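Each chain, written out:
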Amino acid sequence: MQNAALAALNLNWRYLAFDVHPDNLAEAIAGAKAMGFIGLNLTVPHKLLALDLVDAVEARAKLWGAVNTIVFETRDAQDAWVPLASAGDAAIKEIRSHGFNTDADAIVQSLKEDFQWADMRGATVLLLGAGGAARSAALRLAEEDVAKIYLVNRTEEHARQLAANLTAHHPRLSVIHGYPRDSVDLVVNATSLGLKPNDPLPIDRAWLESFRPPRIYDMIYRPKETALLRAARAAGCRAANGLGMLLYQGAEALKLWSGAQPPLQIMRAALEKNIHE
Ligand code: NDP
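Residues numbered from 1 in each chain as written. Predicted model: local features only at pLDDT ≥ 70, side-chain atom pairs only at ≥ 80, totals over all residues. Heavy atoms only, no water.

## Here's the deal with the packing of aromatic side chains
For step 1, the next point in the chain: According to the stated counting rule, one finds 5 aromatic pairs in the structure shown.
For step 2, the next point in the chain: Seen from their ring centres, F115 and Y217 are 6.4 Å apart, and the 75 degrees between their planes marks the pair as edge-to-face. Separated by 102 residues along the polypeptide, F115 in the loop between α5 (103-114) and β6 (124-128) and Y217 in strand β10 (residues 215-218) bring together distant segments of the chain. There is no split in this pair, since F115 and Y217 are both buried.
For step 3, the next point in the chain: Members of the aromatic cluster, joined through ring pairs, are Y179, W207 and F211. (Phe/Tyr/Trp six-rings, centres within 6.5 Å; stacked < 30°, edge-to-face > 60°. Helix = DSSP H or I, 4+ residues; strand = E, 2+ residues; numbered from the N terminus. Buried < 20%, exposed > 50% of the residue type's maximum accessible area, 1.4 Å probe, protein only.)

Written out as structure tokens, the structure reads:
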């Protein structure tokens, strides 16, 4: 996705994947900074660790509790921090790592697009999972003024921590533990159940088949159709996988690094080709 976009934007950059042990994350970030990298993306479990390892953190990333994008920045002629990519040919003396989070906006953008659902105000949501992705999705959905979020998670204590966090930031939001006794406007799977072929469903099948909620979103994008999405479609629900979320978090990261408008169609086509074919 990123390399296709870089080619389309005529940028002589490369996007590369590195396996980094969490114990070495600080050195990896320092190394990338020393070598003049434009930026980094981070994935589990580095997103939470990076919060304390970058030189500056954007307020929203602090709120979501995770950094998935780092922009290396330098000072411009006016002494303001700017992405390295826009520093031009000036001699670079100082570099800092600036942490952002592009996941949270990406899920809302994907939900709106995949379900043609512009206005989520007053909606009820069943959120499966209470990890990093669930947390940023819940906090971001609360900003869309959803009315109620039902939380279901394997480890109840994690759901309780998420509920406390949500209520602290959004006192008007109703946060309820367990399955609703009625349908909801949206179900989001933010657990890792579905990544492996023999995983059990992340949702209670009887609940799904009785209430047949209109929209079911699985953050998982590989496989293209998880058992949850299959069950949802069989029950007559609209269903979408996490490809849109992956696309929009990457597009926003590219925009932060380059300042350029990301070529979304090219990025989506590259994703579909590389992930689903
Ligand atoms: P975390 O590790 O932070 O959270 C994992 C969640 O899954 C927790 O709620 C955990 O429950 C639950 N879980 C894990 N294993 C099981 C199991 N065997 N049975 C029941 N519940 C389980 O991961 P993330 O929040 O970062 O990611 C969650 C999902 O979202 C993943 O599938 C990931 O691939 C996807 N994702 C997709 C993105 C996209 O761009 N589309 C971006 C980010 C994530 P417990 O609290 O009990 O441990």
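## Side note on the side chain of S97
For step 1, the next point in the chain: Relative to the elements of secondary structure, S97 occurs in strand β5 (residues 96-100).
For step 2, the next point in the chain: Leaving out residues up to four positions away in the same chain, S97 has contacts with I29, K33, L53, V54, D55, A56, I70, V71 and F72. (Contact = heavy atoms within 4.5 Å.)

## Section: the domain arrangement of the protein
For step 1, the next point in the chain: What the domain assignment lists for the protein is domain 1 (2-101 + 246-276) and domain 2 (105-241).
For step 2, the next point in the chain: Measuring from the centre of the C-alpha atoms in domain 1 to the corresponding centre in domain 2 gives 28 Å.
For step 3, the next point in the chain: At the interface, 12 residues of domain 1 touch 15 residues of domain 2.
For step 4, the next point in the chain: Both faces combined, the contact of domain 1 with domain 2 buries some 1,300 Å², and carbon together with sulfur accounts for 56% of it.
For step 5, the next point in the chain: The largest share of the area that domain 1 buries against domain 2 comes from W64, Y248 and H276, three residues that together contribute 49% of it.
For step 6, the next point in the chain: R60 is the partner of D105 in a salt bridge, and the nearest nitrogen-oxygen pair spans 3.6 Å.
For step 7, the next point in the chain: Those elements that provide at least two residues to the side of domain 1 that touches domain 2 are α4 (59-64), α10 (243-258) and α11 (264-276). (Domains from an automatic or database assignment. Buried area = accessible area lost by both parts, 1.4 Å probe. Salt bridge = Lys/Arg side-chain N within 4 Å of Asp/Glu carboxyl O.)

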